[in-house]
2 protein chains.
Amino acid sequence: VRISAGMGEDGALRPEAVERALDVVEVFAHFCRASRMDDVRTVATSAIRDAANREAFLARAREVSRLEIEVLSRQTEAFYGYVAAVNSTTLSDGLVLDLGGGSLQLVRVGARRLREAGSWPLGSVRTTERFLPDEKASKKQMRALREHARERLAGGGWAGEHVVGIGGTVRNLAVAAQKAAELPEFGVQGYRLTAEALADLVERLAALPASQRGAVPGVKPERGDLILAGAIVVQAALESAGAAALEVTEAGLREGIFLTTLLDGDPPLIPDVRGASVRNLAREYGHDDAHARHVAALSLSLFDQLAAAGLHPGDDEERELLWAAALLHDIGDTVDYDDHHKHSRYLILNAGLPGFSPREVALIALMARYHRKGSPSGGFLRPWLRRGDEALVTRCAALLRVAEQLERSRDQVVREVRAAADDEAVTLTLMADEDVAAPRWGALRQRDVFARAFARQLEVA
Amino acid sequence: VRISAGMGEDGALRPEAVERALDVVEVFAHFCRASRMDDVRTVATSAIRDAANREAFLARAREVSRLEIEVLSRQTEAFYGYVAAVNSTTLSDGLVLDLGGGSLQLVRVGARRLREAGSWPLGSVRTTERFLPDEKASKKQMRALREHARERLAGGGWAGEHVVGIGGTVRNLAVAAQKAAELPEFGVQGYRLTAEALADLVERLAALPASQRGAVPGVKPERGDLILAGAIVVQAALESAGAAALEVTEAGLREGIFLTTLLDGDPPLIPDVRGASVRNLAREYGHDDAHARHVAALSLSLFDQLAAAGLHPGDDEERELLWAAALLHDIGDTVDYDDHHKHSRYLILNAGLPGFSPREVALIALMARYHRKGSPSGGFLRPWLRRGDEALVTRCAALLRVAEQLERSRDQVVREVRAAADDEAVTLTLMADEDVAAPRWGALRQRDVFARAFARQLEVA
């Protein structure tokens with residue numbers, strides 16, 4: 001609703017902006033009551049916190065909404081941003097960057113703790129009004145903004161290689177960069193926006209009049225007039241931090257508040273963000289069960305034994321991705337049993353797995369896709385992959401398929417599997433108390449993909 | 001498992017086939033116990049029913065599975081196929097065609113009741129062995145099969161314009177025809193396989209040696225050797241029925257048994273298959289609720305009022321599709337709130353809506369997709385659409401968007417809407433007991449799409 005629009009020297013919210021805001025507060029209040037939410041936390045941030053007529057506004061908003069409204073202090077607002085960032089990424093030491101309309105906030109993080117928070121009047125509305133107020137942005141104006149931001153941020157030691165960005169401007173820049181690079185889209189969670197990609201974007205945006213910047217793919221029309229100044233401030237912040245890229249998270253203030261309310265602990269920290277993401281998604285679709293866990297156990301056991309036998313590198317990250325794919329391989333059966341492997345791919349890509357990069361999410365989705373049928377490949381996700389990733393997918397999909405076949409009866413009848421390798425073949429020995437003819441037959445049907453992955457004939461004893 | 005493979009003159013199942021079958025019965029029995037299913041109906045059909053050693057096989061299968069096994073009579077098997085067909089399509093008067101390995105079964109249906117069932121020894125295994133046993137199928141051999149099938153089916157009055165096909169051969173033929181026509185795939189439920197498309201397929205298959213027919217896109221490799229004979233028998237059956245096409249359903253024996261067990265009534269009939277499909281899908285995702293129903297009511301009210309004002313044809317089928325899209329528009333938020341309109345499209349396409357044709361499913365999916373954001377169009381689903389369908393989608397999406405905005409607060413604050421039209425504008429009057437500034441503002445934001453759909457300016461009083 002752009003509640004701070006048109007604010008003058010008096011620092012008071014304009015009547016039209018207040019009415020717009022109250023209309024929307026009323027819709028949300030109706031929504032909460034209709035949805036029978038009885039634990040609602042309503043917060044106000046900088047625009048309202050700093051307004052001269054804040055108390056008058058809050059009184060009316062409380063009346064309209066029948067909700068308590070908490071005005072967050074600058075420190076509390078920064079804290080929630082920090083909570084969102086450290087619980088949706090693997091950030092341990094570095095910075096959280098939050099660019100709003102009024103200010104840029106940075107939080108220094110050490111060992112996942114908030115060390116220090118700072119705020120600068122470098123928000124996108126403010127810098128646009130002061131430095132880039134015209135349809136055309138001249139080189140001189142842009143240079144002035146860049147130098148101003150650098151000066152403000154200089155000193156104070158706000159350095160860090162790992163910078164996590166939150167907020168709408170950052171998300172828009174990430175979407176625009178993904179589109180420019182023609183990457184298949186499934187959100188921007190975990191995307192690394194590099195300094196080079198950001199520089200290219202600034203160049204493209206600066207070449208357009210302000211009124212047309214909202215038409216750049218990925219930039220929201222209503223943000224078009226603010227996006228260039230925002231991009232330049234982010235550039236300056238990355239430079240001053242000495243960081244080569246900004247890791248984007250889709251979590252923000254709202255998720256910070258939610259997690260703080262949900263979790264115990266001060267600060268509220270999810271111990272293992274990646275593991276929690278995977279288990280959370282598996283649970284959401286009812287698949288963190290004995291079958292999925294046993295497929296994971298069998299897959300990882302094969303992975304470790306074949307690595308020990310020298311048949312593949314045994315990379316730790318790859319192992320973790322295989323575990324994730326094993327736990328999630330069947331979630332697509334929520335949509336339909338037919339093609340459920342493809343539906344698993346869709347859900348993994350689109351539900352999001354905080355803590356993983358888009359490339360890693362693509363790899364997990366591909367492994368789940370190829371846990372049955374088809375010949376493993378990158379397909380439409382290839383633009384996200386690195387050299388060697390298709391071989392990685394083939395390897396993990398082959399193990400997942402064998403494990404899935406050994407566990408087709410879903411009752412862990414094959415308790416354990418031992419693998420012995422020579423130059424020609426890998427021989428699996430199945431440990432079970434009952435007849436396992438069908439699991440054996442199913443595993444042997446994965447011979448072709450196994451041979452492609454490990455250059456060995458699969459045999460099952 | 002091809003249990004009847006290699007059966008000789010003695011009519012007994014071969015030992016290897018029996019072992020294969022028992023292994024698989026065992027896996028399924030494990031599966032059922034592990035999944036804690038305590039109401040399992042296990043049935044045996046023609047291959048076992050007709051086998052000389054059936055009792056010996058059944059005794060061992062019962063022992064291995066610890067399940068009761070029901071041997072279905074030919075009449076009961078036909079009945080279940082009929083139940084599947086009439087409850088997954090809109091078939092009221094016509095035929096159900098079921099092509100198996102051993103026989104072709106036809107059921108005559110009148111007013112949704114089973115009138116008569118017939119069976120002919122024209123199954124795909126049997127006719128392949130007798131008429132097309134070689135790698136190459138000669139014209140003469142094909143003609144002989146075609147004439148044989150025609151003669152067998154002649155007389156008896158097995159005619160009907162509406163023929164519904166079930167079984168694996170029919171589904172494979174449908175997938176192959178869809179691929180040949182380059183139609184985007186989301187299953188074959190409700191697909192009309194025309195006699196022309198079938199003739200083209202027969203021609204393509206006949207040009208290939210039997211061992212390569214399984215490589216035709218859509219044909220399963222393990223069915224490659226049987227598909228040509230099956231296709232020719234289906235052709236002959238359509239000809240003899242006087243039908244121009246075969247409507248395919250994905251439901252079969254299994255669904256027939258499930259529905260007979262689930263439903264009361266003799267025969268077990270879902271009163272309104274299309275309505276039930278839509279409500280079932282909405283419920284599966286928790287969305288057959290007050291909000292979705294109110295959006296449907298408001299959309300249909302606008303649809304009717306604008307039709308009465310002469311602004312669109314007011315077609316009954318279009319009205320039903322709009323209702324379906326309104327009930328389903330939000331189901332995608334199960335996947336993620338972000339882009340939930342796109343997730344709704346995915347779920348509608350892939351979950352299936354028995355009773356609707358693929359074109360209709362595509363239209364519902366597109367309306368749901370465009371209930372927010374973007375400019376309505378056919379997109380990748382265009383190959384399924386007819387002339388005028390993109391205008392239809394635009395029209396229904398525009399109404400759905402207005403209704404959604406009026407119901408943004410999800411508490412039915414806008415009880416009712418009245419529409420008045422003249423040559424320039426459509427003016428909506430909102431009936432509500434409270435302030436509706438935000439719904440009004442939201443509806444007015446749909447001006448552009450509304451103008452595109454109805455060539456009228458949208459106004460809201």
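Residues numbered from 1 in each chain as written. Chains lettered and ligands numbered in written order. Predicted model: local features only at pLDDT ≥ 70, side-chain atom pairs only at ≥ 80, totals over all residues. Heavy atoms only, no water.

### Thoughts on the overall build of chain A
In step 1: Helix and strand content of chain A: 18 helices and 11 strands.
In step 2: Projected onto the principal axes, the alpha-carbon positions of chain A cover approximately 85 × 50 × 40 Å.
In step 3: Taken across its 461 residues, chain A has 52% of its residues classed as buried.
In step 4: Sequence separation of at least 24 residues holds for 69% of the intrachain contacts in chain A that already meet a minimum separation of 6.
In step 5: Side chains of chain A give 58 positive and 66 negative charges; the mean places of these two sets differ by 3 Å. (Helix = DSSP H or I, 4+ residues; strand = E, 2+ residues; numbered from the N terminus. Buried < 20%, exposed > 50% of the residue type's maximum accessible area, 1.4 Å probe, protein only. Contact = heavy atoms within 4.5 Å. Lys, Arg positive; Asp, Glu negative; His and termini not counted. Charge placed at Lys NZ, Arg CZ, Asp CG, Glu CD.)

### Some points on the sheet that holds strand β11 (residues 457–460) of chain A
Residue and element names in this part refer to chain A.
In step 1: Within the open sheet, the three strands sit side by side as β9-β10-β11. Their pairing is mixed. Looking at the sheet topology across the chains shown, the edges are occupied by β9 (414–421) and β11. Each strand of the sheet is rotated relative to its neighbour by a mean of 25°, with strand direction disregarded.
In step 2: Pairing of strand β10 (residues 425–432) with β11, which is carried by four bridges, proceeds in the parallel orientation. Bridging across to β11, L428 finds its partner in V460.
In step 3: Running at roughly 180° to β11, helix α17 (residues 437–444) makes contact with β9, β10 and β11 of the sheet. (Pairing = 2+ DSSP bridges. Axes fitted to C-alpha atoms, helices over the stretch in contact; angles between N-to-C directions.)

### Details of the relation of the copies chain B and chain A
In step 1: Structural alignment of chain B on chain A gives an RMSD of 0.0 Å, achieved by rotating through 180° and translating 0.0 Å along the axis. What we have between these two chains is a two-fold relation. Residues of chain B ranked by C-alpha distance from the rotation axis are headed by B:Y346, positioned 4.4 Å from it.
In step 2: Of all interface residues in chain B, 100% are interface residues in chain A too; the two copies therefore contact each other through one and the same surface. (Least-squares fit on C-alpha atoms with pLDDT ≥ 70 in both.)

### Looking at the pattern of salt bridges
All names here are of chain B.
In step 1: Applying the stated criterion across every chain yields a total of 48 salt bridges over all chains.
In step 2: Its salt-bridge partner being D10, residue R14 comes within 3.0 Å of it at the nearest N-O pair.
In step 3: You can call R14 partly exposed: its relative accessible area is 25%.
In step 4: Across the pair E416 and R418 runs a salt bridge whose closest N-O atoms are separated by 3.0 Å. (Salt bridge = Lys/Arg side-chain N within 4 Å of Asp/Glu carboxyl O.)

### Concerning the pairing of strand β5 (residues 113–120) of chain A
Residue and element names in this part refer to chain A.
In step 1: Of the strand pairs in this sheet, strand β4 (residues 104–110) and β5 are connected by seven bridges, and their pairing is antiparallel. Across the sheet, Q105 pairs through a bridge with S119, a residue of β5.
In step 2: The turn linking β4 back onto β5 is made up of two residues, and A111 within it adopts a positive phi angle of 50°.

### A short note on the nonpolar core
In step 1: The biggest cluster of nonpolar side chains holds 228 residues, and the ones touching the most others in it are A:L97 and B:L97.
In step 2: Excluding residues within four positions of it along the chain, A:L97 makes contact with A:L104, A:Q105, A:L106, A:V163, A:V164, A:G165, A:I166, A:V170, A:V234, A:A237 and A:L246. (Core = buried A, V, L, I, M, F, W, Y, C linked by side-chain atoms within 4.5 Å.)

### Topic: the interface of chain B and chain A
In step 1: Contacts between the two partners involve 29 residues from chain B, matched on the other side by 29 residues from chain A.
In step 2: When chain B packs against chain A, close to 2600 Å² is buried across both sides, 56% of that on carbon and sulfur atoms.
In step 3: Broken down residue by residue, the surface that chain B buries against chain A is led by B:H30, B:V335 and B:Y346, which jointly contribute 22%.
In step 4: One can count zero salt bridges joining chain B with chain A. (Buried area = accessible area lost by both parts, 1.4 Å probe.)

### So, unusual backbone geometry
Residues and elements named next belong to chain A.
In step 1: Note the cis peptide between D266 and P267, where omega equals 0°.
In step 2: With respect to the helices, strands and loops of the structure, P267 is situated in the loop between α10 (253–262) and α11 (273–284).
In step 3: One non-glycine residue, R66, lies in positive phi territory at about 55°.
In step 4: Here R66 lies in the loop between α3 (54–65) and β2 (69–71).
In step 5: On the basis of relative accessibility, which here comes to 62%, the residue R66 falls in the exposed class.
In step 6: You will see that E182, though not glycine, has its phi angle at about 55°, which is positive.

### Here's the deal with the packing of aromatic side chains
The geometry of an aromatic ring pair comes down to the distance between the two centres and the angle between the two planes.
Residues and elements named next belong to chain A.
In step 1: One pass over the full model with this rule turns up 13 aromatic pairs over all chains.
In step 2: When the centroid spacing of 4.9 Å and the interplanar angle of 45° are considered together, the rings of F450 and F454 count as tilted. With F450 and F454 both in helix α18 (residues 447–454) and four residues apart, the pair spans about one turn of that helix.
In step 3: Of the residues examined, F454 reaches a relative accessible area of 4% and is grouped as buried.
In step 4: Each residue in the set F79, Y80 and Y82 is aromatic and connected to the rest through ring pairs, giving one cluster.
In step 5: Over the ring of W158 we find R108; its NZ or CZ atom is 4.7 Å from the centre of that ring. (Phe/Tyr/Trp six-rings, centres within 6.5 Å; stacked < 30°, edge-to-face > 60°. Lys NZ or Arg CZ within 6 Å of the ring centre and 35° of its normal.)

### Notes on the confidence of the model for chain A
In step 1: The predicted model of chain A averages 95 in pLDDT, with 100% of residues at 70 or higher.
In step 2: Both confidence scores are given for the complex: pTM 0.95, ipTM 0.93. (pLDDT = per-residue confidence, 0-100.)

### A short note on a negative patch on the surface
Residue and element names in this part refer to chain A.
In step 1: Taken together, the side chains of D422, D423, E424 and E459 define an acidic patch exposed on the protein surface.
In step 2: Note on placement: E459 falls in strand β11.
In step 3: Looking at E459, the relative accessible area reads 36%, which means it is partly exposed. (Patch = residues over 30% accessible without salt bridge, like charges linked within 9 Å, V, L, I, M, F, W, Y side chains within 5 Å. Areas by Shrake-Rupley, 256 points an atom, 1.4 Å probe, with all protein chains shown as cover.)

### Side note on the packing of helix α13 (residues 316–328) of chain B against helix α15 (residues 358–369) of chain B
All names here are of chain B.
In step 1: Relative orientation of the contacting elements α13 and α15 amounts to 50°, with a least axis distance of 8 Å. Taken together, the axes of α13 and α15 lie oblique to each other. The hand of the α13/α15 crossing is right-handed. Residue-level contacts link E317, L321, L322, A324, A325 and L328 of α13 to R359, E360, L363, I364, M367 and A368 of α15.
In step 2: Residues of the contact of α13 with α15, tallied by class, amount to nine nonpolar, no polar and three charged. (Parallel < 35°, antiparallel > 145°, perpendicular 65-115°, else oblique. Left-handed = near helix turned anticlockwise from the far one by under 90°. Nonpolar A, V, L, I, M, F, W, Y, C, P; charged D, E, K, R; others polar.)

### Considerations on the sheet that holds strand β10 (residues 425–432) of chain B
All names here are of chain B.
In step 1: Reading across the sheet, the three strands line up as β9-β10-β11 and stay open at both edges, with mixed pairing between neighbours. Two strands close off the open sheet at either side, each with one partner strand: β9 (414–421) and β11 (457–460). Taking each pair of neighbouring strands and ignoring which way they run, the sheet shows an average axis angle of 25°.
In step 2: Strand direction decides the pairing type here: β9 and β10, joined by seven bridges, are antiparallel.

### A word on helix α14 (residues 340–351) of chain B
In step 1: Here α14(B) contains 12 residues, and its C-alpha end-to-end distance of 16 Å stays within 8% of the 16 Å for a straight helix at 1.5 Å per residue.
In step 2: The element α14(B) is largely enclosed, with a buried count of 11 among its 12 residues.
In step 3: When we look at burial in α14(B), the residues that qualify are B:H340, B:H341, B:H343, B:S344, B:R345, B:Y346, B:L347, B:I348, B:L349, B:N350 and B:A351.
In step 4: On its buried side, α14(B) packs onto α14 (340–351) of chain A together with α11 (273–284), α13 and α15 of chain B.
In step 5: Just downstream of α14(B), B:G352 is the residue with a positive phi angle, here 85°. (Expected span 1.5 Å × (residues − 1).)

### Observations regarding a positive patch on the surface
Residue and element names in this part refer to chain A.
In step 1: Residues K136, K139, K140 and R143 make up a contiguous surface patch of positive charge.
In step 2: Mapped onto the elements of the fold, K136 is located in the loop between α5 (124–131) and α6 (139–153).
In step 3: Under the relative-accessibility criterion, K136 is labelled exposed at 59%.

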